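Chains, contacts and geometry: an overview
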Amino acid sequence: MVLCHIRTLILLAVCGVGNLTSTLEASLKTIVIDSESHEIKEKVTYSKTFSSQINATEFALLFDQDLQKQSSGGYWNVHINGKLLGRLEAHTPQIGADKKHDGFHHIGFAVPANVLKNGENRLTISGRGQPAVLRNFELEPHPLKQALQLEAVTVKVSTPEGQPVPARITVVNHRGQLAKLYNARQPTTAVRPGILYTLGTGDTFELPPGKYTLYATRGMEWGVARQPIVVENNKPQNQTLVISHEVDTTGFIACDSHIHTLPGSGHGNATFEERMITIAGEGIEVAVATDHNHISDYTPYQKAAGTQTHFHSISGDEITTHNGHFTAFPFDPAKAVPGGVKGRNPLFLKADNWDELIADMQKKGAEVIILNHPYWPSIPKGPFGRFHFNRSTEKWSEGPTFNFNGYEVVQPANETPDFFYALEDWMSLINRGLKLTAVGATDSHTVNDPVGQARTYLNSHTDNISHIDRQEVYRAFTEGRATASAGIFAILKINEHFGMGDLVPAASLKNGSNNKNSLFTVTLRVAAPSWVRPREAMIYVNGKQVAWKSIGSTLNEPTDQTLEFSLELPPHDAYVVAFVLGDGITLPGWTTYGKATQAITNPIYLDVDGDKDYSAPRATAKRLIMNHGTQGKKLTPTLQEKLLESETVKADPAILLHVKDLLKQGADHQP
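Residues numbered from 1 in each chain as written. Predicted model: local features only at pLDDT ≥ 70, side-chain atom pairs only at ≥ 80, totals over all residues. Heavy atoms only, no water.

**Some remarks on the environment of threonine 290**
Here threonine 290 is to be found in the loop between strand 19 (286-289) and helix 5 (299-305). The exposure class of threonine 290 is buried, given its relative accessible area of 0%. With 33 residues separating them along the chain, threonine 290 and serine 257 place their C-alpha atoms 7.5 Å apart. In contact with threonine 290, not counting residues within four places along its chain, are Ser257, His258, Ile259, His260, Gly316, Asp317, Glu318 and Thr327. Within the local environment of threonine 290, its side chain forms a polar contact with the backbone nitrogen of isoleucine 259, the two atoms lying 2.8 Å apart. (Helix = DSSP H or I, 4+ residues; strand = E, 2+ residues; numbered from the N terminus. Buried < 20%, exposed > 50% of the residue type's maximum accessible area, 1.4 Å probe, protein only. Contact = heavy atoms within 4.5 Å. Polar contact = N/O pair within 3.5 Å; in protein donor to acceptor, adjacent residues only side chain to side chain.)

**Examining the confidence of the model for the protein**
With 92% of its residues at a pLDDT of 70 or more, the protein has an overall mean of 90. Below a pLDDT of 50 lies the segment residues 1-26, which in the model reaches zero contacts outside its immediate sequence neighbourhood of four places, other chains included. The low-confidence segment residues 667-671, where pLDDT is below 50, has 12 contacts with residues more than four positions distant or belonging to other chains. (pLDDT = per-residue confidence, 0-100.)

**With respect to the side chain of histidine 292**
Along the polypeptide, histidine 292 turns up in the loop between strand 19 and helix 5. For histidine 292, a relative accessible area of 7% translates into the label buried. Reaching out from histidine 292, the side chain makes a polar contact with the side chain of glutamate 318 at a distance of 3.4 Å. One polar contact links histidine 292 to histidine 445, side chain to side chain, over a distance of 3.3 Å. When near neighbours in sequence (up to four residues on either side) are disregarded, histidine 292 contacts His260, Gly264, Ser265, His267, Asp317, Glu318, Thr320, His325, Pro346, Leu347 and His445.

**Description of the pattern of salt bridges**
Per the stated rule, a full pass over the model turns up 16 salt bridges. Of the charged contacts, one joins glutamate 206 and lysine 145 as a salt bridge, the two residues approaching to 3.0 Å between their closest N and O atoms. Separated by 61 residues along the polypeptide, glutamate 206 in strand 14 (residues 203-207) and lysine 145 in helix 2 (residues 144-147) bring together distant segments of the chain. Here glutamate 232 ties to lysine 235 by a salt bridge, and the two come within 3.7 Å at their closest N and O atoms. Among the charged side chains, a network of salt bridges with common partners joins Glu89, Arg185, Arg192 and Glu274. (Salt bridge = Lys/Arg side-chain N within 4 Å of Asp/Glu carboxyl O.)

**A look at the packing of aromatic side chains**
As enumerated under the stated definition, the model contains 22 aromatic pairs in all. Ring centres of tyrosine 46 and phenylalanine 137 lie 4.7 Å apart, and the angle between their planes is 15 degrees; this geometry places the pair in the stacked category. With tyrosine 46 in strand 3 (residues 46-52) and phenylalanine 137 in strand 9 (residues 132-140), the pair connects residues that are 91 residues apart, well separated along the chain. The ring of tyrosine 75 has arginine 87 lying over it, and the distance from NZ or CZ to the ring centre is 3.9 Å. (Phe/Tyr/Trp six-rings, centres within 6.5 Å; stacked < 30°, edge-to-face > 60°. Lys NZ or Arg CZ within 6 Å of the ring centre and 35° of its normal.)

**Re the packing of helix 11 (residues 617-628) against helix 14 (residues 653-665)**
Their axes nearest at 8 Å, the elements helix 11 and helix 14 cross at an angle of 60 degrees. Considered as vectors, helix 11 and helix 14 are oriented oblique to each other. Note that helix 11 runs across helix 14; the crossing there is right-handed. Residues Pro617, Arg618, Thr620, Ala621, Lys622, Leu624 and Ile625 of helix 11 pack against Ala654, Ile655, His658, Val659, Asp661, Leu662, Leu663 and Gln665 of helix 14. Residues belonging to the contact of helix 11 with helix 14 are distributed by class as follows: nine nonpolar, three polar and three charged. (Axes fitted to C-alpha atoms, helices over the stretch in contact; angles between N-to-C directions. Parallel < 35°, antiparallel > 145°, perpendicular 65-115°, else oblique. Left-handed = near helix turned anticlockwise from the far one by under 90°. Nonpolar A, V, L, I, M, F, W, Y, C, P; charged D, E, K, R; others polar.)

**Examining the pairing of strand 32 (residues 519-528)**
Sheet faces and side chains relate simply in a regular strand, where the side chains alternate between the two faces. Most of strand 32 sits out of view: eight of its 10 residues are buried. With six bridges connecting them, strand 30 (residues 489-494) and strand 32 associate as antiparallel partners. Bridge assignment links isoleucine 494 to a residue of strand 32, and that residue is valine 522. Inspection of the sheet shows strand 32 paired to strand 35 (residues 559-568) by 10 bridges, in the antiparallel sense. When the bridges of strand 35 are listed, arginine 525 appears paired with threonine 562. (Pairing = 2+ DSSP bridges.)

**Considering the packing of helix 12 (residues 637-645) against helix 14**
At a closest axis distance of 10 Å, the pairing of helix 12 and helix 14 adopts a crossing angle of 165 degrees. In terms of orientation, helix 12 lies roughly antiparallel with respect to helix 14. You can see that helix 12 and helix 14 cross each other, and the crossing is left-handed. Contacts between helix 12 and helix 14 involve Gln640, Leu643 and Leu644 from the first element and Leu656, Val659, Lys660 and Leu663 from the second. Class assignment of the residues belonging to the contact of helix 12 with helix 14 gives a composition of five nonpolar, one polar and one charged.

**Thoughts on the sheet that holds strand 14**
Read from one edge to the other, the open sheet built from three strands follows the order 14-10-17, with strand pairing classed as mixed. Where the open sheet ends on each side, the last strands, each with one partner, are strand 14 and strand 17 (237-242). The average angle at which neighbouring strand axes cross in this sheet is 30 degrees, direction not considered. One ladder, built from six bridges, connects strand 10 (residues 151-158) with strand 17; its direction is parallel. Residue pairing in the sheet places valine 155 in a bridge with glutamine 239 of strand 17.

**What about unusual backbone geometry?**
At the junction of phenylalanine 329 and proline 330, the peptide bond is cis and its omega measures out at 0 degrees in the coordinates. Mapping proline 330 onto the fold places it in the loop between strand 22 (324-329) and helix 6 (354-363). Looking along the chain, the bond that leaves tryptophan 376 and enters proline 377 is cis, with omega of 0 degrees. Along the chain, proline 377 turns up in the loop between strand 23 (368-371) and helix 7 (383-386). In this structure, asparagine 556 takes a positive phi of about 65 degrees despite not being glycine. Among the residues examined, asparagine 556 registers a relative accessible area of 59% and is labelled exposed.

This is how it looks when you write it as structure tokens:
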């Protein structure tokens, strides 16, 4: 009797264990939530119910994503049962990536314990982001690390001497696509798919098994380190990428005068904390905070991140109107922004009168005012188009005086037909007598877009960040003691002594010769890192190209050449600028916004007539007309024809253009 009971209990126990095992096995099966493709865009979101049991441990939500454009302030958020798991992030297409691939990336999100419930559960993807296509939703009953077989990769970036250095690490898979980095976010990093900005001391992220390539860069002064790796499960690895400072910019400091954050501007995707790391990682030495109609202060965030020794920050503002945008600085973050804004700053100011706005900027402390991206959103709709700027006559038929200090000639947002377009417009305004500094700036709103890809190098007495003189920074902008760069660094000099922004006296030009065809010497230093290839250098006098030379750059070697040009002395006062063009960059993570790299030097002015001053072509044209007449009387048609045919006018196309324009008007009422 007792033996029967024992046998029965054993049988029941065995059956119980069998049932329990069957239940566990069933609970560990992958749950297919949805295998179809779904597009989300604008107000179209995603929602799906599925059956499950409570998850006592972390599970993993896996699916395929095709999202190629960066979100700007709005995101697609992933929830299960109202619990936020994360947000979708773009894998920006890279030049050179496998074009046969369909663009989908297999990604995962951790589902914390007890988020799932017995019975019906709901997966939702909602918000407002860039269009995306999603498919193959599955729920894996394992932690995310196990489900994707993630393994740790620790990367340091250092100089050849072994010193850690801030940098941008770009990670691409075997197809050349940006790879999603898991478990990488820390206080001193900025992370996006395939991108990790670091201070160089060592940061860890996780990747699924596969072949990858790591790139380390630090803007256009530094070399690039490239390291192929193979990630295998249960094999963590450490990598040290070594980069060298390849471009000597002694006497100049790198400035990006147009930088945004999401909290300050209301769109983009870079937090204040992340922005401190991206600025340091791109080798920018002066960073101007220019959120839209908002004055941001980087100082407390720099202290928290420990980046005070890497760059000097200045509080500015992008005064944003429907009639154009301006960068202005410095401003006091504790005071009201220009335009009389009260309360929450709007993206666009209602006031768009340039004269009134610029007066208000100056009243509130601005010493530098720059017209931003004049060809955005297009040439007709940008400020130059709105004011009917005529490229052939070098004038605009309506609108305010251009009474700012410079404008962004080298800028990613400038949509122009070619790389000469902005250069030619800028020189035509100089021909009219405006002193506008050519500025390079990025308008970076995101972690993805490199700060300082376009930048302005400012003449400085020091290369030490802690000794930077703000007044010297402001003077460099207002006096044109600067060069605009996008991958190439260029310095122009005349007779080895006079630099950008200088006035060269007549005695230094003529070298004691009274020969009208006397020559003067222009030298142009062109420097670039090993991954940039400058190709050609051009010299312009009063907007006319007068000399050209090819640049013999060598693949995978830094460029540092000084080109010498012997130029004929013009008959009148003039200015000289240089324009350098090079190949575009297809390096993952640092692809140039256009198909070329470039540099534009600011003018050196020539006092040919020896009056210790500089006269622009338009001013010279006025003087020639006055001198050609009789006691200020209007020139007769015969005298006009004689003036137009004179060698002094015909020798300079810019002066000829303005003589014709002034004669046609009879008086100069144009700006």
